[in-house]
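Secondary and tertiary structure notes
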Amino acid sequence: MEAALIIFALMVLFAFLGLGVYATVKVVKAAKRGVDRTITQARRTVEDTTLRARSLGQVGVAGALAQLRLDLRMSMRATQQALSDGVRSDASLKESIGLFRRLSEHGQELDAELKRLEQEPDRRRIAESLPDLRERTAKITQAADSLRWAARDRARRFAADDLSTLSEQIEVESGALRDWSRESVDDLTAAAAAWDAAQAQGAAQGAAQAQAAHGRGSGPGPAALNQAAPAPQYPWQKARRPESTT
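Residues numbered from 1 in each chain as written. Predicted model: local features only at pLDDT ≥ 70, side-chain atom pairs only at ≥ 80, totals over all residues. Heavy atoms only, no water.

**So, the packing of helix H2 (residues 61–86) against helix H3 (residues 94–118)**
Interhelical geometry of H2 versus H3 gives an angle of 160 degrees and a closest axis separation of 10 Å. Looking at the two axes, H2 sits roughly antiparallel to H3. The element H2 and its partner H3 pack so that their crossing is left-handed. Contacts between H2 and H3 involve Leu65, Ala66, Leu68, Arg69, Leu72, Arg73, Met76, Thr79, Gln80 and Leu83 on the former and, on the latter, Ser96, Ile97, Phe100, Leu103, Ser104, Gly107, Leu110, Asp111, Leu114, Lys115, Leu117 and Glu118. Within the contact of H2 with H3, the residues separate by chemical class into 12 nonpolar, five polar and five charged. (Axes fitted to C-alpha atoms, helices over the stretch in contact; angles between N-to-C directions. Helix = DSSP H or I, 4+ residues; strand = E, 2+ residues; numbered from the N terminus. Parallel < 35°, antiparallel > 145°, perpendicular 65-115°, else oblique. Left-handed = near helix turned anticlockwise from the far one by under 90°. Contact = heavy atoms within 4.5 Å. Nonpolar A, V, L, I, M, F, W, Y, C, P; charged D, E, K, R; others polar.)

**Focus: the confidence of the model for the protein**
Here the protein averages 77 in pLDDT, while 70% of its residues score no lower than 70. Mean pLDDT values over the elements of the protein span from 47, in helix H5 (residues 223–226), up to 92, in H3. The low-confidence segment residues 221–225, where pLDDT is below 50, has one contact with residues more than four positions distant or belonging to other chains. (pLDDT = per-residue confidence, 0-100.)

**A closer look at the side chain of Asp90**
Summarising the element assignment, Asp90 is placed in the loop between H2 and H3. Separated by 2.6 Å, the side chains of Asp90 and Ser92 make a polar contact. A polar side-chain atom of Asp90 sits 2.4 Å from a polar atom in the side chain of Arg154. Residues in contact with Asp90, not counting those within four places in the same chain, are Arg154 and Phe158. (Polar contact = N/O pair within 3.5 Å; in protein donor to acceptor, adjacent residues only side chain to side chain.)

**Side note on the nonpolar core**
If you look at the biggest cluster of nonpolar residues, it comprises 21 residues, and the most contacted ones within it are Leu65, Met76, Leu110, Leu114, Leu130, Leu133 and Ile140. Elements represented by at least two residues in this core include exactly H2, H3 and helix H4 (123–216). Contact partners of Leu130, with chain neighbours within four places excluded, come to Val61, Ala64, Leu65 and Leu68. (Core = buried A, V, L, I, M, F, W, Y, C linked by side-chain atoms within 4.5 Å. Buried < 20%, exposed > 50% of the residue type's maximum accessible area, 1.4 Å probe, protein only.)

Next up, the structure:
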């Protein structure tokens with residue numbers, strides 16, 4: 001019996017230890033993901049700031065490459081954010097997200113190529129390839145912008161339709177409430193009038209019954225009832241003499 005209790009206690013202890021290890025691993029992984037996300041966001045911010053500074057402060061090929069990268073990254077990031085926010089309320093955007101992922105592969109490839117060209121010493125050759133790079137960047141950004149604005153227009157249309165439907169329902173409900181209020185007031189007035197009529201009828205019947213009873217009581221009644229009441233005697237009055245005495 002003691003051995004069974006010891007084994008059971010050990011099993012419970014190991015179970016708690018396992019749960020503790022699992023929870024620790026989950027917390028560590030979550031913290032690592034948070035740190036990686038923060039580092040990625042910080043690196044992205046620094047790189048965008050650098051590209052913006054190059055596009056404004058440098059001229060020629062270097063400034064053009066920086067502007068192309070900046071336009072590409074801003075467009076793709078805005079579209080990704082719009083689709084990620086929209087798919088939470090509209091599941092039909094999943095197909096659009098699939099198309100955007102394919103477009104992102106081309107965007108990442110172009111961004112990596114532009115980044116390599118920034119380190120290229122042959123500026124003349126880069127200048128010759130700029131028209132093709134601008135065209136590719138324009139195609140990708142136009143496709144991303146089209147997806148983004150389509151998703152926003154869809155969300156705006158759904159919001160407008162929902163608002164119109166809600167307004168119609170509110171108007172119908174308001175009309176129903178007003179009709180219900182009138183019916184209630186009319187019913188209350190009718191009930192009050194019926195109660196007043198019943199009270200008046202009851203009072204009339206009571207008056208008629210009292211009058212009938214008075215008419216029956218006007219004839220001669222018993223002698224005991226018609227006999228006059230004796231006058232009250234007070235202590236300071238003299239005693240009355242009997243009538244038979246002289």
